[in-house]
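# Fold and contact review
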Amino acid sequence: MRNSKEESQQAAHGGVRTVVVPAAGMGTRFLPATKTVPKELLPVVDTPGIELIAEEAADLGAERLVIVVAPQKQEIMDHFGEFNVLQERLLNRGKEEQAEKVSRANELIDAVAVTQESPLGLGHAVGCAEPALDAEEDAVAVMLPDDLVLPIGVMDKMVRVREEFGGSVLCAFNVTPDEVYNYGVFDVEDAERDIEGVEVKKVRGMVEKPAKEEAPSTLVATGRYLLDRAVFDALGRIEPGKGGELQLTDAIELMIQEGHPVHVVVHRGKRHDLGNPGGYIPANVDFGLRDEKYGPALYPALKEILAEFEAEHPEVLERGQQG
């Protein structure tokens, strides 16, 4: 695990210098908590989700995290600032571990803010980040902070695919046919050639949230994009959809139609959705069980909670056994 900006810069590869993190959403599914706390700062155990994304970007070797925020969500950037007074107090009390945690976000990567004045869609948010890129950057990574893709490392595979085939590369998960209506679904074919250790497909098109019977596959887009810089031109040429929003999917579809190569890496790990309580709670359980400090006590506590719940709701246990 890299833990400094200097190490990230030394490790940069594949032309990925900037990671864009769209974080301007209102977090309505977490109300009332998000009245005062951006959902990106809600902790997974003890680490905010946005810091986990920063760690993934640093592990990729990126130099810069461009966080797209709404005017009222500047607290996200405060998390990446310096807390010298707090650190000094912790160190004076012999709390070195806590002091290290306080300084960690600031040392992981250079975080800069770009403001999205109005919520006009994911495509619009990504487009807002273009001025923060250097002129010579020909690709940009996009990581959605709601998605934790585990184990970390899928972006490295995506870099390898771009180096082999060019163009843009997305991350895909396989879901059940009953789940496709929640996602952008890929229409795929076999890639031109294999890449060792990577399951890769060529994308012929994308369908946004199709009905089960209309889905071209069960491979769906999830939270990780490695996009050729041409995406910004495409974003400038697509038409707004429902609610006046610009969708990143529409820009990628336009690029495919115009012959731009797009591939997906099929990830066989797991994904936690931090964007709603139903996904956020399991993420905390998963990370908590694997935490050296909290896991040993959490495991028996969960077993006791489950036993009590099953005794109170035998019908739930019966359904689980039948399934």
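Under an unreviewed UniProt entry, the name given to the chain is UTP--glucose-1-phosphate uridylyltransferase, and the organism recorded is Corynebacterium glaucum. Within the UniProt record for the chain, the comment given under Catalytic activity (unreviewed entry) is "alpha-D-glucose 1-phosphate + UTP + H(+) = UDP-alpha-D-glucose + diphosphate".

## Focus on the domain arrangement of the chain
For the chain, the assigned domains are domain 1 (1-146) and domain 2 (152-268). On a C-alpha basis, the centroid separation for the pair domain 1 and domain 2 is 24 Å. Contacts between the two partners involve 27 residues from domain 1, matched on the other side by 20 residues from domain 2. In total, about 2,100 Å² of surface goes out of reach between domain 1 and domain 2, with carbon and sulfur atoms giving 59% of it. Run the count over domain 1 and domain 2 and you get three salt bridges. The tally of links between domain 1 and domain 2 comes to eleven residue pairs in polar contact (both at pLDDT 80 or more). Listing elements by their share of the side of domain 1 that touches domain 2, those giving two or more residues are helix 2 (49-60), helix 6 (122-128) and strand 6 (139-143). Across the side of domain 1 that touches domain 2, the residue classes tally to 15 nonpolar, six polar and six charged.

## A closer look at the pairing of strand 8 (residues 168-174)
Counting buried positions along strand 8 gives six out of seven residues, so the element sits mostly inside the fold. Across five bridges, strand 8 lies against strand 12 (residues 262-266) in parallel orientation. Looking across to strand 12, one finds that Val 169 is bridged to His 263. Here strand 8 runs beside strand 11 (residues 219-228); their pairing, made up of five bridges, is antiparallel. Opposite Val 169, over in strand 11, you have Leu 226 as the bridge partner.

## Considering the packing of aromatic side chains
For any pair of aromatic rings, the description consists of the separation of the ring centres together with the inter-plane angle of the planes. Within the structure shown, the criterion is met by one aromatic pair. Taken together, a centroid distance of 5.4 Å and an interplanar angle of 85° make the contact between Phe 30 and Tyr 280 edge-to-face. With Phe 30 in the loop between strand 1 (18-23) and strand 2 (43-44) and Tyr 280 in helix 10 (residues 277-289), this residue pair connects regions lying 250 residues apart in the sequence. Each of the two residues, Phe 30 as well as Tyr 280, counts as buried.

Quick notes on the rules
Residues numbered from 1 in each chain as written. Predicted model: local features only at pLDDT ≥ 70, side-chain atom pairs only at ≥ 80, totals over all residues. Heavy atoms only, no water. UniProt positions renumbered as here; feature names shortened; annotations may be inferred. Domains from an automatic or database assignment. Contact = heavy atoms within 4.5 Å. Buried area = accessible area lost by both parts, 1.4 Å probe. Salt bridge = Lys/Arg side-chain N within 4 Å of Asp/Glu carboxyl O. Polar contact = N/O pair within 3.5 Å; in protein donor to acceptor, adjacent residues only side chain to side chain. Helix = DSSP H or I, 4+ residues; strand = E, 2+ residues; numbered from the N terminus. Nonpolar A, V, L, I, M, F, W, Y, C, P; charged D, E, K, R; others polar. Buried < 20%, exposed > 50% of the residue type's maximum accessible area, 1.4 Å probe, protein only. Pairing = 2+ DSSP bridges. Phe/Tyr/Trp six-rings, centres within 6.5 Å; stacked < 30°, edge-to-face > 60°.

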